[in-house]
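Single-letter residue listing:
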Amino acid sequence: MASLSIERERQAREEVGVTSYSRGVKWFLSAFFVVTVAGGTVWHLASDLVDTPRPWPRILDPTRLLPAPEEVRAVAAEAGWAAALKAANDRIGTNIADYETDLEDGSPVIDALMPTVNAVVTDLLGGSTESVYRGRDGWWFFRPDIDYVTGPGFLTPRRRVERAWDPLPALDEFHRALAERKIALIVAPIPVKPSIYPERFSARFEGGQTAIQNPSYAQFLARLDDAGIAHVDLGALLWEARKTEGSVFLTTDTHWSPVGVALGAAALGEAIERMGVSWERFQVSYARTPTEVAGRGDTIAMLDLARRGVETVTLQRISRDGQPWAPQPNAEVLLLGDSFTNIFALPSLGWGSGAGLAAQLSAALGRPVDALAINDNGSYATRAALASGIRRGRDRLSGKKVVVYAFASRELAFGDWRTGYRYDD
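Since the model is a prediction, treat every value here as computed from it, not as a measurement.

Participant: Would you mind going over a nonpolar patch on the surface with me for this structure?
Facilitator: On the surface, Val 25, Phe 28 and Leu 29 cluster together to form a nonpolar patch covering roughly 290 Å² of accessible area. Summarising the element assignment, Leu 29 is placed in helix α2 (residues 23-51).

Participant: It is not clear to me how the pattern of salt bridges should be interpreted in this structure. Could you clarify?
Facilitator: Side chains that carry opposite charge are capable of pairing whenever their charged atoms lie near each other. The tally for this structure, following the rule as stated, stands at 17 salt bridges. With a closest N to O distance of 3.3 Å, Asp 137 and Arg 200 form a salt bridge. Note that Asp 137 is positioned in the loop between β1 (132-134) and β2 (140-142) and Arg 200 in the loop between α9 (193-196) and α10 (217-226), a separation of 63 residues in sequence. When the shortest N-O distance is used, the salt bridge between Arg 410 and Asp 145 registers 2.6 Å.

Participant: Looking at this structure, I do not really get the sheet that holds strand β6 (residues 310-320). What am I missing?
Facilitator: Backbone hydrogen bonds are what pair the strands of a sheet, in a parallel or an antiparallel way. Within the open sheet, the three strands sit side by side as β5-β6-β7. Their pairing is antiparallel. Each edge of the sheet is formed by a strand with only one pairing partner; in this case those strands are β5 (287-296) and β7 (323-324). Relative to β6, β5 runs antiparallel, the two sharing 10 bridges. Bridging across to β6, Ala 294 finds its partner in Thr 312. The strands touched by helix α15 (residues 357-365) within the sheet are β5 and β6, with β6 carrying the most contacts at an inclination of about 45°.

Participant: What's the story with the sheet that holds strand β8 (residues 333-337) in this structure? I'm lost.
Facilitator: One open sheet accounts for five strands, arranged β4-β3-β10-β8-β9; its pairing is parallel. The open sheet has two edge strands, β4 (230-231) and β9 (370-373), and neither has a second partner. Across four bridges, the pairing between β8 and strand β10 (residues 402-408) is parallel. Each residue of the ladder has a partner; that of Leu 335, found in β10, is Val 404.

Participant: Is there a simple way to think about the packing of helix α8 (residues 167-180) against α10 in this case?
Facilitator: α10 packs onto α8 with a crossing angle of 30° between their chain directions and a minimal axis gap of 11 Å. Taken together, the axes of α8 and α10 are roughly parallel relative to one another. As α8 runs across α10, the sense of the crossing is right-handed. Residues Pro 167, Leu 168 and Leu 171 of α8 pack against Phe 220, Arg 223 and Leu 224 of α10. Residue composition of the contact of α8 with α10, grouped by class: five nonpolar, no polar and one charged.

Participant: Looking at this structure, how should I read the packing of aromatic side chains?
Facilitator: By convention here, two paired aromatic rings are described through the distance between centres and the angle between planes. A full pass over the atoms with the stated rule returns 15 aromatic pairs. When the ring of Tyr 405 is compared with that of Trp 417, the centres are 6.4 Å apart and the planes differ by 65°; the resulting orientation is edge-to-face. Here the residue Tyr 405 occupies a position in strand β10, and Trp 417 occupies one in the segment after α17 (411-414), the gap between them amounting to 12 residues. You'll find Tyr 405 and Trp 417 in the same group, each marked buried. Pairwise contacts between aromatic rings join Tyr 133, Trp 139, Phe 141, Tyr 197, Phe 201, Phe 249, Trp 256 and Phe 340 into one cluster. Stacked on the ring of Phe 141, the Lys or Arg Lys 193 has its end atom at 5.1 Å from the ring centre.

Participant: Looking at this structure, I do not really get α8. What am I missing?
Facilitator: Since the α-helix advances by 3.6 residues per turn, residues separated by three or four positions end up pointing in the same direction. The terminal C-alpha atoms of α8 lie 20 Å apart, and with 14 residues this matches the ideal 20 Å at 1.5 Å per residue to within 8%. Of the positions making up α8, those classed as buried are Pro 167, Leu 168, Ala 170, Leu 171, Phe 174, His 175, Ala 177 and Leu 178. In this fold, the buried residues of α8 make contact with β3 (184-190), α10, β8, α16 (381-391), β10 and α17. Between the side-chain oxygen of the N-cap and the backbone nitrogen of Leu 168 there are 3.0 Å, and the N-cap of α8 in question is Asp 166. One or two steps after α8, the chain reaches Lys 182, where phi turns positive at roughly 60°.

Participant: Where do I start with the pairing of β9 in this structure?
Facilitator: The side chains of a regular strand alternate between both faces of the sheet. The alternating pattern of β9 places Asp 370 and Leu 372 on a buried face and Ala 371 and Ala 373 on a face that is not buried. Strand direction decides the pairing type here: β8 and β9, joined by four bridges, are parallel. From the neighbouring strand, Gly 337 faces β9, where its bridge partner is Ala 373.

Participant: Got a minute to help me understand the pairing of β8 in this structure?
Facilitator: Among the five residues that make up β8, five are buried, leaving the element largely enclosed by the rest of the structure. Burial along β8 is two-sided: the residues Val 333, Leu 335 and Gly 337 and Leu 334 and Leu 336 are all buried.

Rules of the game
- Residues numbered from 1 in each chain as written.
- Predicted model: local features only at pLDDT ≥ 70, side-chain atom pairs only at ≥ 80, totals over all residues.
- Heavy atoms only, no water.
- Patch = residues over 30% accessible without salt bridge, like charges linked within 9 Å, V, L, I, M, F, W, Y side chains within 5 Å.
- Areas by Shrake-Rupley, 256 points an atom, 1.4 Å probe, with all protein chains shown as cover.
- Salt bridge = Lys/Arg side-chain N within 4 Å of Asp/Glu carboxyl O.
- Helix = DSSP H or I, 4+ residues; strand = E, 2+ residues; numbered from the N terminus.
- Pairing = 2+ DSSP bridges.
- Contact = heavy atoms within 4.5 Å.
- Axes fitted to C-alpha atoms, helices over the stretch in contact; angles between N-to-C directions.
- Parallel < 35°, antiparallel > 145°, perpendicular 65-115°, else oblique.
- Left-handed = near helix turned anticlockwise from the far one by under 90°.
- Nonpolar A, V, L, I, M, F, W, Y, C, P; charged D, E, K, R; others polar.
- Phe/Tyr/Trp six-rings, centres within 6.5 Å; stacked < 30°, edge-to-face > 60°.
- Buried < 20%, exposed > 50% of the residue type's maximum accessible area, 1.4 Å probe, protein only.
- Lys NZ or Arg CZ within 6 Å of the ring centre and 35° of its normal.
- Expected span 1.5 Å × (residues − 1).
- Polar contact = N/O pair within 3.5 Å; in protein donor to acceptor, adjacent residues only side chain to side chain.

Nothing here speaks to function; it is all geometry.
Next comes the structure, spelled out in structure tokens:
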């Protein structure tokens, strides 16, 4: 039996072959490995001390991995020391994961090499990265947007097993709570770029006749109708508008263009007017001032390609009586939104201000608008902030007749649609 095993090993060596290296090559490879690892570590340590001077480098601080003593004591007081031990173990695991992420995010080696690596991958190899997909003719796409339109239906039973969140319970809860306060709700999923420009990602979609949506999108709209929740299908609108109105999305950014924002605002304004709201305040007039703005697309920023992604667009800045538009807390319309609302409104996004969705909605309605917009987590962040404000005595729903709930459509598939918020004062 032993001889058979030896024979098989000999046969495997003959078939696979054995690679041998000279002593010089072995020493060179070993030295290269040690220098690379040690050099990167020393670089990180030095950078850490320079950025935040302290006696001990932050990346070598072992206390970062330990749970906070007060957290352990609090669990022990409530559930006993066995539960506290488990909580401490869970916290250490979380801290280790956070530490590893921090090492990656704060590594000067990665910061120095990543732009070059991304340039090679996208320019020379024509490929994509973890977060950004390269399209055609200079167009760039955010990976979650592609995943939304190409992935499984977010309402299919398999998806329901994989993820606990179904958008409808949260939207129905919000709708009912607003109805109790005699406030109308309009839900407005904002289409992502590959929904409107799929052919800019792949030539297979040349000649398409309709916007590309997640397979569950039509079912989602039907369920909104069944629940009596008003909605606006901006995807169909922007698909038609792109044929005659020019580009409705930015080429190197995740978000829609000033043209797309204005069209979306006009559609939302028309939907509000069709509701037959009994307004208590008179209409007012707003002025539009064309202003050219150069910005850098967020998809290019994700790649850290500093010399790319600059586009020039013409904003329609909104003003009244010579004063720049601003949200009005006493307005009868409240817009809840995410970065699609903040684009062209929040200067930190790099595309100017005074021309975002809330301002354009004001101009379309001829009425003041209040706005609560948080860039991320459009599925719950604004609802949570709204409920939290009410608990603290700041009721943003006071005096409101309509709430427009706008969010990126990818939130339907990947959002956190938690429930349990209270919107009564």
